[in-house]
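In case you want the letters, here they are:
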Amino acid sequence: MNDKRPVWLTKRLIVDERVTTLERDLAGLRLNTVCQEACCPNQGECFSHGVATFLIMGNICTRNCRFCAVKSGTPSAPDPQEPQRLAQEVERLGLRFVVITSVTRDDLDDGGAGHFVSVISALRERCPGVGIEVLIPDFGGSESALVKVAGARPEILNHNVETIPRLYSSVRPQAEYRRSLQVLSQAGRMGLLTKSGLMVGLGETLEEVKEVMLDLLNAGCRLLTIGQYLMPSKLHHKVVEYVSPEIFDQYKDLALSMGFSAVASSPFVRSSYMADEFYSLLMAGKRSH
Ligand code: SF4
């Protein structure tokens with residue numbers, strides 16, 4: 001495939017004081033963001049609005065997914081002070097809604113579930129009223145780990161299936177499609193509002209995407225994000241196709257017609273992209289029904 005990105009995938013570089021202030025604060029408080037670690041193309045836009053997705057438990061992942069820019073290796077123990085520093089930054093930013101994610105911590109007995117709970121507790125204490133979305137790893141399929149996180153009652157529990165099952169062995173070799181669906185269905189049964197996301201452009205067909213949508217609905221998931229996969233480096237999985245904005249619109253219409261309550265689908269959508277607006281729209285929709 002021609003490596004040149006199509007015109008709809010060009011983004012204006014944002015150089016703004018708020019971006020540099022946020023970067024400085026994050027470094028000062030030793031906080032990681034997935035925005036920076038995963039080289040998200042929306043970073044300038046989100047940071048200039050004072051929005052970031054926090055990456056907890058370090059920036060080294062125990063898995064090695066072929067699509068992800070986060071470094072793989074042996075991480076150090078989670079920092080028990082991190083939840084307080086994170087809550088301090090969320091308070092400073094005045095966020096109404098925050099997304100917390102983590103590297104996958106297969107080295108920890110609970111997969112890091114306890115640390116998620118500590119972060120949620122610190123946020124509830126220091127920033128009452130803030131909406132919390134946790135974008136969790138699969139915790140190796142541990143139901144007890146999920147029970148811990150569910151007990152802290154985040155507003156949204158997000159877990160991405162990332163791609164269609166046929167591509168798991170080449171895109172997410174240490175993950176399992178069925179296990180990810182199980183995380184979502186268990187979280188739904190625990191009374192949580194669940195959300196998931198897919199990258200497209202990895203070689204999937206429209207029919208395969210539709211099947212994933214159906215699986216997600218059967219797992220009780222009603223919130224969906226779909227965005228274009230972009231190669232973080234030449235060593236990562238190749239982009240097979242730049243999906244056109246019209247196809248993204250088709251995916252959105254299809255997902256809504258199949259029964260999803262809220263869908264964000266466009267080339268630059270990431271699972272945390274404008275998550276606060278996504279949540280507000282959802283709540284407004286609920287109130288008007
Ligand atoms: S889309 Fe999400 S990960 Fe990307 S910059 Fe925005 S908040 Fe960060």
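The paragraphs below set out a description of the structure included in this document. A quick note: this is a predicted structure, and the numbers were derived from the prediction, not measured.

1. Description of the site of the ligand
Step number 1: Close to the ligand lie Val 34, Cys 35, Cys 40, Asn 42, Gln 43, Cys 46, Val 51, Ala 52, Thr 53, Arg 270, Ser 272 and Tyr 273, which account for all nearby residues.
Step number 2: At the level of secondary structure, the elements contributing two or more residues to the shell around the ligand comprise helix H2 (34-37) and helix H3 (43-48).
Step number 3: Residues belonging to the shell around the ligand are distributed by class as follows: seven nonpolar, four polar and one charged.

2. Description of the environment of Val 34
Step number 1: Summarising the element assignment, Val 34 is placed in helix H2.
Step number 2: Beyond its immediate chain neighbours, meaning those up to four positions away, Val 34 contacts Cys 40, Thr 53, Leu 55 and Thr 101.

3. Structural notes on the packing of helix H6 (residues 143-151) against helix H8 (residues 177-189)
Step number 1: Taken N-terminus to C-terminus, the directions of H6 and H8 make an angle of 45°; their axes are 10 Å apart at the nearest point. Comparing the axis directions of H6 and H8 gives the class oblique. Crossing angle aside, the handedness with which H6 passes H8 is right-handed. In this structure, H6 contributes Glu 143, Leu 146 and Ala 150 to the contact, and H8 contributes Val 183, Gln 186 and Ala 187.
Step number 2: Its residues assigned to classes, the contact of H6 with H8 comprises four nonpolar, one polar and one charged.

About the criteria used
Residues numbered from 1 in each chain as written. Predicted model: local features only at pLDDT ≥ 70, side-chain atom pairs only at ≥ 80, totals over all residues. Near = placed C-beta within 6 Å. Helix = DSSP H or I, 4+ residues; strand = E, 2+ residues; numbered from the N terminus. Nonpolar A, V, L, I, M, F, W, Y, C, P; charged D, E, K, R; others polar. Contact = placed C-beta atoms within 7 Å. Axes fitted to C-alpha atoms, helices over the stretch in contact; angles between N-to-C directions. Parallel < 35°, antiparallel > 145°, perpendicular 65-115°, else oblique. Left-handed = near helix turned anticlockwise from the far one by under 90°.

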